[in-house]
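Structural features, examined
Here is what each chain is made of, one letter per residue.
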Amino acid sequence: MFIISYLLGILLVIGFYALGETIHNYLLSWLPGSIIGMVLLFSVYLMIGERLVRWVKEGAELFIKYLPLFFVPVTVGILQYENLMSGFGIIFFGLLLFSSFLMILVISYLMNRRERDLSCG
Amino acid sequence: MWLILTVGIFLLSQWLYVKIKKSFLLPVFTTTIVIILLLLSTGHTYKHYYETAQWIDWLLGPAVVALSYPLYKHRKMLLKNGVKIISWVVVATAISILTGAFIFWLFGVNDTYVVTAMLKNITAPVAIDLAEIYGGIPALIAVLCTLAGMLGAVAGPPVFRLLNIKSSIAKGVAMGSTAHAIGTSRLLEDDDYAGAISTLSFLIVTLIMPVIVPILVYLMVN
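Overview of the structure. All values reported here derive from a predicted model rather than from experimental measurement.

Topic: the layout of surface pockets
By volume, the largest pocket is sized at about 830 Å³. In terms of lining, the largest pocket is formed by 37 residues, of which the most central are Val 74 of chain A together with Asp 57, Ala 124, Pro 125 and Ile 128 of chain B. If you list the elements that add at least two residues to the lining of the largest pocket, you get helix 1 (2-26), helix 2 (33-48) and helix 4 (67-76) of chain A together with helix 3 (46-66), helix 9 (124-134), helix 10 (138-162) and helix 11 (168-190) of chain B. Looking at which element gives the most residues to the lining of the largest pocket, the answer is helix 3 of chain B, with eight residues. A per-class count over the lining of the largest pocket returns 23 nonpolar, 11 polar and three charged. Of the voids in this model, the second largest pocket is the one considered here, and its volume is about 420 Å³. Considering the residues around the second largest pocket, the lining is formed by 21 residues, among which Ile 64 and Lys 65 of chain A together with Ser 185, Leu 188 and Glu 189 of chain B are closest to the centre. Among the secondary structure elements, those contributing two or more residues to the lining of the second largest pocket are helix 3 (50-65) of chain A together with helix 1 (2-20), helix 2 (27-42), helix 4 (68-73) and helix 11 of chain B. Among the elements that take part in the lining of the second largest pocket, helix 11 of chain B stands out by supplying five residues, more than any other. Grouping the constituent residues of the lining of the second largest pocket by class yields 12 nonpolar, two polar and seven charged.

What follows is the structure, encoded as structure tokens:
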């Protein structure tokens, strides 16, 4: 029972990934297959509801638990970009990293303040 | 060989991370650094590494599909806050472009770099595609997205603590619109609901950027 729930979840997720990739190849070349698969599986969850989710959630949670691991091959790819240490490279990456840092700071601060205002009436 | 090594080092750094619980010990971060050091010290190229590591990379696709589950789990709250989340993601994207690509454009930096800078907060596969279509640099954008993701995952939680941010919506939107899937996986560690908001936020970024980028390219680049 337990193992079946894992297997069904994993197969369903991989199946929707394959479906998403197929749609990406033939119809929507500007959206990656994984995003198409995510939206499709979400719609199926909405249509079928708890009956389906109960059977597949262990498998889905397994993927999410190890999600950070799956990024490693991409992140190691930084190695290929030697120009990182040139003068322009440092300014380019420095400014853009600072910009991302600013986004987190400003958005979370402003939204949090708005949320507090709302909850205080 | 490198596949087993990657999984092994990851599990080890995850164990260390759970034990010490310091943001800079984030498993993706430490594993990446250890692997890079190993590759450099043994004189192997990235191409050699990717030959076996591509199987791990492949799993990234299904894992993104699996994010539909937290999205479903929190569907009612997401629907209720949908308009708010979308508007804030648009604000975040505007900040991203104004403090990044726009500055380079003002200083007359080469167009290819301006286009690349626009794509910095999109999830890597989409950003790479857009870079190829609109004249950015695919190899550079892959690095840039990865760095934005890791920055969010490592620096995000300390920033939230420092600014005393309690709202899951604030955390989720800030993280998802900046650090896409990498940041989302960090949020999912301790706040399932914030993780779902983050998933929705980076999904919105992924859906609106293919529309915004061509307009910006038309306006800013000859």
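Structure's up, so let's keep going.
Thoughts on the interface of chain B and chain A
Taken together, the contact between chain B and chain A spans 89 residues of the former and 68 residues of the latter. Interface of chain B and chain A: buried area, both sides summed, is about 7300 Å²; carbon and sulfur atoms make up 84% of it. Looking only at chain B, the three residues that lose the most surface to chain A are Tyr 46, Tyr 69 and Tyr 72 of chain B, adding up to 10% of its buried area. Where chain B meets chain A, there are zero salt bridges. Inspection of the region where chain B meets chain A yields eight residue pairs in polar contact (both at pLDDT 80 or more). Residue contributions to the side of chain B that touches chain A peak at 15 residues, all from helix 3 of chain B. In terms of residue class, the side of chain B that touches chain A is made up of 61 nonpolar, 21 polar and seven charged.

Conventions and cut-offs
- Residues numbered from 1 in each chain as written.
- Chains lettered and ligands numbered in written order.
- Predicted model: local features only at pLDDT ≥ 70, side-chain atom pairs only at ≥ 80, totals over all residues.
- Heavy atoms only, no water.
- 1 Å grid on protein atoms, 1.4 Å probe; cavity = no way out; pocket = protein on both sides within 12 Å on 5 of 7 lines; lining within 4 Å.
- Points joined across faces, edges and corners; volume = space filled by probe spheres on them.
- Helix = DSSP H or I, 4+ residues; strand = E, 2+ residues; numbered from the N terminus.
- Nonpolar A, V, L, I, M, F, W, Y, C, P; charged D, E, K, R; others polar.
- Contact = heavy atoms within 4.5 Å.
- Buried area = accessible area lost by both parts, 1.4 Å probe.
- Salt bridge = Lys/Arg side-chain N within 4 Å of Asp/Glu carboxyl O.
- Polar contact = N/O pair within 3.5 Å; in protein donor to acceptor, adjacent residues only side chain to side chain.

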